[in-house]
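Notes for the structure review
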Amino acid sequence: MIRQGMDDVNRKEKIISALVVIGLLLLSLLGVDHVLKKDDPQSMERFTNRMVKLESLGLPSKGNIAVTYDQGFMKLAWPAMDTQVETQSAILPLEHPENKTLQVDMGIGGRKNANGYVREGYQVWVEVRLIQNGIAVKSKRVEILLESEITRSRLYSIRIPYDGAKPDAYQLRWIILPVDGRIDQGDLVCEYLEVMEL
Amino acid sequence: MNRPPFDLTKKQAVWWLVVIFALGFVLRVFATYEWPMGINHFSDDNGYLNSGATFLKTGYVTYAKPNVPSGVLGPGMPILLGMIFAVFGYQPEGLMASHVAFAGIGLLTALGLYLLGALLHSRLAGVVASAFGALDFGLVSTNSAFYTETPFMCLMVFGLYFFLKSVLDWRLGRYLAGVACFCAAMAFKGLALLLPPCILAYLLYRRVKLSKWLPQAVLLVVISALVFLPWCVRNQQIIGVFTPFPTSQGDQKLLGTYVGVGYPDGTYEEALEKLDAMAWEQGYQTDTIHRIKDRGEYGQERLAQWIAQNPLGFLFTHLLYKPVSLLILPFYPHKTLHVPLRLVNLCWWVLLVLALWGVLSGKLTGKKSYPGFYVPLILLALSVWVPSLMVPLARYNAANMPFVMLYAAIGIANGLPLIHRDKSRSLQERMEKST
């Protein structure tokens, strides 16, 4: 039944409605201001250029891993082999060593090597090492599960708190491990890499 | 309206809901648990994952490329996933938790279905509807990956509930909750715009005077405009169009002109070849947005050609062929817990038959319909017809699934007393024979 109350919007409801509209108007104006600030050229430039230039990692072609760069992407490729291979970046300085956590986000795609918990061909790990006076004091790894048939990239992230350590630099290590005693020929493409000191 | 005699008490309903939600939660946890970083289909869900993480880090709305602001999605997913990631993170262990949290929204939808069922029919119908919503494998699968459909259908169910409830039993708070659900749903999909006309149709059917609902309608328009103003300004800056809606429908529109009866000659592949050749000639082959826009415009031309060449075929296709094609497709994006697609399809078709019975059974058995009973049906009909200009993809049917489940549950609630009566009758007959 349509209640009687629907017939006349009472005074209290009018006041509440007006307050809601005024509050939203203020929020909306703040939102517009925020949008315009986000769109200013400086903010936009900071946003679009915040990724690390992959060439600057100085990741060498090493052993059986070939590292190449194309249109801003970094490609790692390797032939079929039996034993673990790895390559590591140059030691890169932290810009804000006074911060507490390092987070590395990567967009990586490549030849399929996983389907849920089942692994095939090879395993890929990326390790972030915190470096203090040239010595690795802490590290953390993430497995790169390449689950797609269409080699589309996915976001992988490593977050490594300093926990009392005073690192002044970091290093990235790429490790290819065998599955069932063998590494198949494979490749992967890192499309972007973002390093955040939090 | 009196409740049917064959109904649950409030206490019974609560117990059933607890059991259903527990089962629904376990299913969703197991569906996610099969994947070490949560389910990722490397489709739109991958783009949303990126968008949520980028929004959390930068406050910018992006899609596949994390350093390019995008106009192909609404603000809903980046904000929602950004909030979930803020709690759990998007590192592998956090992603699992985020997937489960996201899937939990599916359980909220089931709760909304209970409320709607109880409002429009009986607690029994509500409990059965919530069981369908929580345990249907199509929805479990949809909820377990990051798709807009999960929050969208939840908000549409609650939006409809709050609006209907406020029409039946007016309270401003309820109405504002409906407006909030509507605005939030709009942030995920423009199809939310279909919600207010359904309520309006009901008000007109009830012959409620204009002066009584107009202030509320104005309030809805003003609030929606204020909520989406910053987003429209943002779209103006980024994609050059002052609109709250995403701009990515071109491909689906073009594809839709190759489905149905009497559509113009040519194939989709030929069209793409032609349009891509044009993009290369004019030097915008890397501009995906421009290319998708071209496809939409070409699709529009083909639609006009279709109407001119075969108007009857066009009408038949868009009024019947495509809507029915869409309605019979359950969305099952990912094989979940080894349940085959064939079984999901079969369950869905049973639900459709039950829903049809649910819609008709009241009339067939001579019962007076409950107030607002047909409002979800209007929403369902509009939601099936409006996207019929596009290609009928199962994903477009996902948001319709809860409303089909609602009527299927009503069908069961209407059918149970009949079975019960028949059983009593046959028992009586047997007793008479034996004496």
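Reading guide: rules and limits
- Residues numbered from 1 in each chain as written.
- Chains lettered and ligands numbered in written order.
- Predicted model: local features only at pLDDT ≥ 70, side-chain atom pairs only at ≥ 80, totals over all residues.
- Heavy atoms only, no water.
- Helix = DSSP H or I, 4+ residues; strand = E, 2+ residues; numbered from the N terminus.
- Rg over C-alpha atoms; globule rule 2.2 N^0.38 Å.
- Buried < 20%, exposed > 50% of the residue type's maximum accessible area, 1.4 Å probe, protein only.
- Contact = heavy atoms within 4.5 Å.
- Areas by Shrake-Rupley, 256 points an atom, 1.4 Å probe, with all protein chains shown as cover.
- Pairing = 2+ DSSP bridges.
- Expected span 1.5 Å × (residues − 1).
- Axes fitted to C-alpha atoms, helices over the stretch in contact; angles between N-to-C directions.
- 1 Å grid on protein atoms, 1.4 Å probe; cavity = no way out; pocket = protein on both sides within 12 Å on 5 of 7 lines; lining within 4 Å.
- Points joined across faces, edges and corners; volume = space filled by probe spheres on them.
- Nonpolar A, V, L, I, M, F, W, Y, C, P; charged D, E, K, R; others polar.
- Core = buried A, V, L, I, M, F, W, Y, C linked by side-chain atoms within 4.5 Å.
- pLDDT = per-residue confidence, 0-100.
- Buried area = accessible area lost by both parts, 1.4 Å probe.
- Salt bridge = Lys/Arg side-chain N within 4 Å of Asp/Glu carboxyl O.
- Polar contact = N/O pair within 3.5 Å; in protein donor to acceptor, adjacent residues only side chain to side chain.
- Phe/Tyr/Trp six-rings, centres within 6.5 Å; stacked < 30°, edge-to-face > 60°.

**Some details on the overall build of chain A**
In terms of regular secondary structure, chain A is built from two helices and 12 strands. Listing every helix and strand of chain A by position from the N terminus yields α-α-β-β-β-β-β-β-β-β-β-β-β-β. Since a compact globule built from 198 residues should have a radius of gyration of about 16 Å, the 25 Å found for chain A marks it as more spread out than a globular shape. In terms of its C-alpha atoms, chain A occupies a principal-axis envelope of roughly 80 × 45 × 35 Å. Relative to its full complement of 198 residues, chain A shows a buried share of 45%. In chain A, once contacts between residues fewer than 6 apart in sequence are set aside, the share between residues at least 24 apart is 76%. A total accessible area of about 10,400 Å² is found for chain A, and carbon and sulfur atoms account for 54% of it.

**Some words on the pairing of strand β12 (residues 186-197) of chain A**
Residue and element names in this part refer to chain A. In terms of residue burial, β12 counts as a mostly covered element, since 10 of its 12 residues are buried. With five bridges connecting them, strand β2 (residues 73-78) and β12 associate as antiparallel partners. Each bridged residue has a counterpart across the sheet, and for leucine 76 the counterpart in β12 is leucine 188.

**Quick notes on the environment of B:Leu219**
You can see B:Leu219 is positioned in helix α10 (residues 210-239). In sequence terms B:Leu219 and B:Leu176 are 43 residues apart; their C-alpha atoms lie 9.2 Å from each other. The contact partners of B:Leu219, leaving out residues within four places of it in the chain, are A:Ser17, A:Val21, B:Leu172, B:Tyr175 and B:Leu176.

**Re helix α13 (residues 288-309) of chain B**
Here α13(B) is 22 residues long and its end C-alpha atoms lie 31 Å apart, about the 32 Å a rise of 1.5 Å per residue gives. Among all positions of α13(B), only B:Ile292, B:Asp294, B:Arg295, B:Gly296, B:Tyr298, B:Gly299, B:Arg302, B:Leu303 and B:Trp306 are buried.

**Considering the pairing of strand β3 (residues 85-88) of chain A**
Residues in a regular strand point their side chains to alternate faces of the sheet. All names here are of chain A. In β3, alternate side chains face the same way, and those of Val85 and Thr87 are buried while those of Glu86 and Gln88 on the opposite face are not. One ladder, built from four bridges, connects β3 with strand β11 (residues 169-178); its direction is antiparallel. By the bridge assignment for β11, glutamine 88 is matched with arginine 173.

**What about the sheet that holds β2(A)?**
Residues and elements named next belong to chain A. Taken together, the five strands give an open sheet; going across it, the order is β1-β2-β12-β5-β10, and neighbouring strands pair in antiparallel fashion. The two strands at the open ends of the sheet, each matched to only one other strand, are β1 (66-70) and β10 (154-161). Going across the sheet, the axis of each strand differs from the next one's by a mean of 30°, ignoring polarity.

**Thoughts on empty space enclosed by the protein**
All names here are of chain B. Enumeration according to the criterion identifies two cavities of 30 Å³ or more in this entry. The space that makes up the largest cavity amounts to roughly 100 Å³. Residue lining of the largest cavity: His121, Gly358, Val359, Gly362, Lys363, Lys367, Lys368, Ser369, Tyr370, Phe373, Tyr374 and Asn414, and that is the complete set. Here the lining of the largest cavity gets four residues from one element, more than from any other, and that element is helix α15 (residues 341-364). Among the residues forming the lining of the largest cavity, the class breakdown is four nonpolar, five polar and three charged. Taken as a whole, the second largest cavity holds about 60 Å³ of empty space. Around the second largest cavity, the lining residues are Phe152, Met156, Leu191, Leu194, Leu379, Ser383, Ala399, Asn400 and Phe403. Of all the elements in the fold, those that place two or more residues in the lining of the second largest cavity are α7 (149-168) and α16 (375-385).

**Some thoughts on the nonpolar core**
Core analysis: the biggest nonpolar cluster contains 151 residues, and A:Leu102, A:Ile108 and A:Trp174 have the highest contact counts within it. Ranked by residue count, the leading element in this core is α7(B), at 13 residues. In contact with A:Ile108, not counting residues within four places along its chain, are A:Val126, A:Ile144, A:Leu146, A:Arg152, A:Ser153, A:Arg154, A:Tyr156, A:Trp174, A:Leu188, A:Val189 and A:Cys190. Judged by nonpolar contacts, the second largest core, of seven residues, contains B:Tyr258, B:Tyr268, B:Leu272 and B:Tyr298.

**Digging into the confidence of the model for chain B**
Residues shown with low pLDDT carry predicted positions that ought not to be read at fine detail. Averaged over every residue, the pLDDT of chain B is 92; residues scoring 70 or more account for 95%. Of the two predicted TM-score estimates for the complex, the pTM is 0.92 and the ipTM is 0.93.

**Quick word on the layout of surface pockets**
Looking at the second largest pocket, its volume works out to about 720 Å³. If you go around the second largest pocket, you meet 30 residues; those closest to its centre are A:Val35, B:Pro75, B:Ile79, B:Pro230 and B:Trp231. Of all elements in the fold, only α1 (11-38) of chain A together with α3 (76-88), α8 (172-188) and α10 of chain B reach the threshold of two or more residues within the lining of the second largest pocket. In the lining of the second largest pocket, the residues fall into 21 nonpolar, six polar and three charged.

**Focus: the interface of chain A and chain B**
At the interface, 51 residues of chain A touch 52 residues of chain B. For the pairing of chain A and chain B, the buried interface totals around 4,600 Å² over both sides, and the portion due to carbon and sulfur atoms is 65%. Viewed at the interface, chain B and chain A are joined by two salt bridges. A:Asp105 serves as the salt-bridge partner of B:Lys57, at 2.7 Å between the closest nitrogen and oxygen. Applying the counting criterion to the chain A and chain B interface returns 17 residue pairs in polar contact (both at pLDDT 80 or more).

**Topic: the pattern of salt bridges**
A full pass over the atoms with the stated rule returns 21 salt bridges over all chains. Residue A:Glu143 is joined to A:Arg119 by a salt bridge in which the shortest nitrogen-to-oxygen separation is 2.7 Å. Of this pair, A:Glu143 sits in strand β9 (residues 135-143) while A:Arg119 sits in strand β7 (residues 118-119); the two residues are 24 residues apart in sequence, bridging distant segments of the chain. Here A:Glu143 falls in the buried class, since its relative accessible area comes to 13%. Note that A:Glu194 is salt-bridged to B:Lys57, the shortest N-O span being 2.7 Å. A residue pair is termed interchain when its members come from two chains, as with A:Glu194 in strand β12 and B:Lys57 in helix α2 (residues 44-58).

**Considering the packing of aromatic side chains**
All names here are of chain B. The full count for this structure, using the stated rule, is 18 aromatic pairs over all chains. Ring geometry for tyrosine 263 versus tryptophan 306: centroids 6.1 Å apart, planes at 75°, classification edge-to-face. Placement of the pair is tyrosine 263 in the loop between α11 (250-256) and α12 (268-282) and tryptophan 306 in helix α13, with a sequence separation of 43 residues. Look at tryptophan 306 and you get buried, because its relative accessible area is 0%. Taken together, the ring pairs connect Tyr258, Tyr263, Tyr268, Trp306 and Phe314 into an aromatic cluster.

**Concerning the side chain of B:Asn400**
All names here are of chain B. Residue placement: asparagine 400 occurs in the loop between α17 (394-397) and α18 (401-434). Judged by its relative accessible area of 2%, asparagine 400 is buried. Setting aside chain neighbours within four positions, we find asparagine 400 in contact with Leu326, Leu380, Ser383 and Val384.

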